[in-house]
Amino acid sequence: MGFRFLHLADLHLETYFGGQPETRERLRAATLEAFDRGVEYAIEHELHAVLVAGDVYDDPLLSLRTEGELIRQLRRLVDANVWCLIASGNHDPGGEPFRSADIAADLAPGGGDGARGSAPTGARVHWFRAPQPEVVTISDVEGHPVGIVVGAGHPTPTEASNLAAAFPDAASARAGATHLPVVGLLHTHVAGASAAATHDRFAPSTAFDFHRHEFDYWALGHIHARQCAAPGLPVHYAGNLQGRNWREMGSKGGLVVDADAGAPATPEFVRLAPVRWTRCSSTIPSGATRGALIDHLTRCIEAERAWPGEEVAIRMDLKGAHPLARTLRDPDELNGLGKELAARTGALEVELLGSRIALPVDREELRNTPSMLRHALDLIDRARTDDALLESIAPETLARAADHSSESVLAYLRELLADLDEEILERSLQAPEPGTGWSDA
Ligand SMILES: [Mn+2]
């Protein structure tokens, strides 16, 4: 067995969250719960260390309560003889004027007594706060060395230099201890990684930097999507610990690594986040009653869960044909339905998107049948491309055309046309038969 550790990254404690107010409240606690689970996992599985690759908290406004919780968890690890190594990122920079320096001081031997009675933390905690790489030898419970961690931190919130480039190669990090695996710990933007484009280019690096060092594993942070960041090399982003919004979907947690010297380590994902953001699409049953529609959507939500009762925030793309298409596309209606479904299923949040719901009309058939409706639809179609026709059918007084230049009037008229065929269809179609419309009966 080699050097066994849990790789976490991007905890973003007290981040600004997406979703409804209740969702934000839940996520605040869920992030701390996920961290608690990670600590629990490391202790229970007797890992040698927990490595956190930066962005432990979101900004310097971190509450004292959450800071206290962070320190409490780190002390738990130390009390259980598990090392804890953190490398500062852009959200938790390590320079003297920043918050991490204070937290690290509380963690040092003889530091703050927030957890009186616990073992002194200094021995097994290391916070890499400086841009110059430091080498730390990790020992097991008996004090035998099991691995080497080389780490560096962002000194400021906008580190522009390539920190990976200054790392020593594996041989010099080992300094003769050839049997020990070498692990890099860094918060960095690797060019070409998946989702790299949506993350700021702080401490930018390339796959080449990691090729050169010949480390047995790189524990990276910054990009929130879990992935191997350099094909063919043991260079991994753990992804953030708890998804915070629709852009951070899927299971979240950490990577468990068992590293040996000279053998690139393959990490194994362990789910830690209690809440999962997910997205699905559903074709609604045409003509369903309100009750039948709710039942249908409830089943979709249940099917989306990995296990009964899983805490999910779901975004559902609705499509299909329904006599009440207009109602079902209305944001207020969808919001109300979503809340009802969330309460009914216990989902944290249900967001419904209805723009692809249409009226149950065979448009081809309609166009081939002579009727007033057909003429109206033809007229709307032609007016979309024929400006002279559009102007000729425009009302003399326009409600909102303050600027009467021909181009702005035309633009306004085109805007009015946008949804007009749907509106005409809906108004001219017969009301649904009792029992097929919008009732719970
Ligand atoms: Mn970051």
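Residues numbered from 1 in each chain as written. Predicted model: local features only at pLDDT ≥ 70, side-chain atom pairs only at ≥ 80, totals over all residues. Heavy atoms only, no water.

Which residues make up the overall build of the chain, and what are the values?
When helices and strands are tallied, the chain shows 13 helices and 17 strands. The C-alpha radius of gyration of the chain comes to 29 Å, more than 25% above the 22 Å expected for a compact globule of 441 residues. A burial count over the chain gives 50% of its 441 residues as buried. Of all intrachain contacts in the chain linking residues separated by at least 6 positions in sequence, the fraction that spans at least 24 positions is 71%. Here the chain holds 41 positive side-chain charges and 64 negative ones, and the gap between their average locations is 2 Å. (Helix = DSSP H or I, 4+ residues; strand = E, 2+ residues; numbered from the N terminus. Rg over C-alpha atoms; globule rule 2.2 N^0.38 Å. Buried < 20%, exposed > 50% of the residue type's maximum accessible area, 1.4 Å probe, protein only. Contact = heavy atoms within 4.5 Å. Lys, Arg positive; Asp, Glu negative; His and termini not counted. Charge placed at Lys NZ, Arg CZ, Asp CG, Glu CD.)

For the domain arrangement of the chain, give the residues involved together with the corresponding values.
Taken domain by domain, the chain holds domain 1 (3-273), domain 2 (276-358) and domain 3 (363-428). Here the C-alpha centroids of domain 1 and domain 3 sit 59 Å apart. (Domains from an automatic or database assignment.)

Explain the packing of helix H2 (residues 64-79) against helix H3 (residues 99-107) residue by residue, including any values.
Where H2 contacts H3, the two axes come as close as 11 Å, and the packing angle between them is 45°. One finds that H2 runs oblique with respect to H3. Seen from above, H2 lies across H3 with right-handed handedness. Across from Leu64, Glu67, Leu70, Ile71, Leu74 and Arg75 in H2, the residues of H3 making contact are Arg99, Ile103, Asp106 and Leu107. (Axes fitted to C-alpha atoms, helices over the stretch in contact; angles between N-to-C directions. Parallel < 35°, antiparallel > 145°, perpendicular 65-115°, else oblique. Left-handed = near helix turned anticlockwise from the far one by under 90°.)

Describe in detail the coordination of the manganese ion, supporting the description with residues and values.
Reference values for coordination geometry: four tetrahedral donors around a metal ideally subtend 109.5 degrees, six octahedral donors ideally subtend 90 or 180 degrees. The protein atoms donating to the manganese ion are Asp55 (OD), Asn90 (OD1), His187 (NE2) and His222 (ND1), with metal-donor distances spanning 2.1 to 2.3 Å. Ordering the donors of the manganese ion by residue number gives the pattern D-x34-N-x96-H-x34-H. Here histidine 187, found in strand S7 (residues 182-187), pairs with histidine 222, found in the loop between strand S10 (217-221) and strand S11 (227-228); they are 35 residues apart in sequence, far enough to count as distant. Residue class for histidine 187 comes out buried when judged on its relative accessible area of 0%. (Donors = N, O, S within 2.8 Å, 3.2 Å for Na, K, Ca; no water.)

Give me the packing of helix H6 (residues 290-304) against helix H8 (residues 331-345): which residues, what numbers.
For the pair H6 and H8, the least separation of the axes is 10 Å and the interaxial angle reads 60°. With respect to each other, H6 and H8 are oriented oblique. Along this stretch, H6 crosses H8, giving a crossing that reads as right-handed. The residues of H8 that touch H6, namely those facing Arg290, Leu293, Ile294, Asp295, Leu297, Thr298, Ile301 and Glu302, are Leu337, Glu340, Leu341, Arg344 and Thr345.

Explain the environment of cysteine 84 to me, using residue names and the numbers behind them.
Here cysteine 84 shows up in strand S3 (residues 83-87). Each C-alpha atom of the pair cysteine 84 and serine 172 lies 23 Å from the other, and the pair is 88 residues apart in sequence. In contact with cysteine 84, other than residues within four places in its own chain, are Val50, Leu74, Leu77, Arg124, Val125 and His126.

Break down the sheet that holds strand S14 (residues 268-271) for me, with residues and values.
With respect to topology, six strands assemble into an open sheet ordered S4-S3-S2-S1-S13-S14, the strand pairing being mixed. Two strands close off the open sheet at either side, each with one partner strand: strand S4 (125-128) and S14. Geometrically, the sheet is characterised by an average inter-axis angle of 20° between neighbouring strands, direction not taken into account. Two strands pair when backbone bridges link them, and strand S13 (residues 253-259) and S14 are joined in this way by four bridges, in the antiparallel orientation. Bridge pairing in S14 places valine 256 opposite glutamate 268. (Pairing = 2+ DSSP bridges.)

How would you explain the sheet that holds strand S5 (residues 134-139) if you had to name every residue and give the values?
The strand order across the open sheet formed by six strands is S5-S6-S7-S10-S12-S11, and the pairing between neighbours is mixed. At either margin of the open sheet sits one strand with a lone partner, and together these are S5 and S11. Bridge analysis of S7 against S10 gives five bridges, and the strand direction is parallel. In the sheet register, leucine 185 faces S10, and the bridge partner there is alanine 219.

Talk me through helix H13 (residues 420-428); I want residue IDs and the actual numbers.
By the burial criterion, the buried members of H13 are Asp421, Glu422 and Leu425. With its buried residues spanning 100° around the axis, H13 presents them on a single face. In the core, the buried residues of H13 are packed alongside helix H7 (325-329), helix H9 (363-367), helix H10 (372-385) and helix H12 (406-417). (Arc of directions from axis to C-beta.)

How would you sum up unusual backbone geometry? Please name residues and give values.
What is expected of a backbone is that most residues other than glycine have negative phi and most peptide bonds are trans. Positive phi, normally seen in glycine, also occurs at alanine 195, with a value near 75°. Summarising the element assignment, alanine 195 is placed in the loop between strand S8 (189-190) and strand S9 (204-205). Using a relative accessible area of 34% as the deciding quantity, one classes alanine 195 as partly exposed. Even without glycine at this site, histidine 222 takes up a positive phi of about 120°. For histidine 222, a relative accessible area of 5% gives the class buried.

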